[in-house]
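One letter stands for each residue in the lines below.
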Amino acid sequence: MYLTALFQDLESVEVELIGKNVSGLGFDVKGNPRDGISISNIHERGAARENNQIHVGEFINLVSVSPGL
């Protein structure tokens, strides 16, 4: 499974989360559409931890999930 998420801090950066034998993105979110959605926790196992490219407190602009080949 290929997991792609676009995160925003001061500038937007696209992060592709690709995990081995994991389900889900591997992080929790908090917030709402008006104030923004941010990362509240990174799970011990999952694509987010494996890739180590996103961090607690960063805001999400877009998430799309695509099946792997």
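Refer to the structure above for everything that follows.
In this report, we go over the structure that sits alongside the text. Note that residues are indexed from 1 along each chain, following the sequence as it is written. Whole-chain, interface and lining totals are the exception, using all residues; otherwise, since this is a predicted model, local features are given only for residues with pLDDT of at least 70 and side-chain atom pairs are given and counted only at 80 or more. Side-chain metrics rest on all non-hydrogen atoms present in the structure, leaving aside hydrogens and water.

1. Regarding the overall build of the protein chain
No. 1: Helix and strand labels come from DSSP, where a helix needs a run of H or I of at least four residues and a strand needs a run of E of at least two; each type is numbered from the N terminus. The helix and strand inventory of the protein chain stands at one helix and five strands.
No. 2: Along the chain direction, N to C, the helices and strands of the protein chain fall in the order β-β-β-β-α-β.
No. 3: Residue burial is assigned from relative accessible area. The probe radius is 1.4 Å, only protein chains are included, and a residue is buried under 20% of its type maximum, exposed over 50%, and partly exposed in between. For the protein chain, with 69 residues in total, the buried portion stands at 29%.
No. 4: Long-range pairs, those at least 24 residues apart, make up 42% of the contacts in the protein chain with a sequence separation of at least 6.
No. 5: In short, Shrake-Rupley with a 1.4 Å probe defines the accessible areas, and a residue's cover is counted only from the protein chains shown. When the accessible area of the protein chain is evaluated, it comes to approximately 4900 Å², of which 49% is carbon and sulfur surface. The criterion used for residue contact is that any of the two residues' heavy atoms lie within 4.5 Å.

2. Considering the side chain of glutamate 58
No. 1: One can find glutamate 58 in the loop between helix H1 (47-51) and strand E5 (59-66).
No. 2: No salt bridge is formed by the buried glutamate 58; its nearest oppositely charged neighbour, arginine 49, is found at 12 Å.
No. 3: Pairing of N or O atoms within 3.5 Å defines a polar contact, subject to two protein rules: one partner must be a possible hydrogen donor and the other a possible acceptor, and residues neighboring in sequence count only if both atoms are side-chain atoms. A polar atom in the side chain of glutamate 58 sits 2.8 Å from the backbone nitrogen of histidine 55. Counted charges follow a simple rule, with Lys and Arg positive, Asp and Glu negative, and His plus the chain ends left uncounted. Salt bridge, as used here: a side-chain nitrogen of Lys or Arg that lies within 4 Å of a carboxyl oxygen of Asp or Glu.

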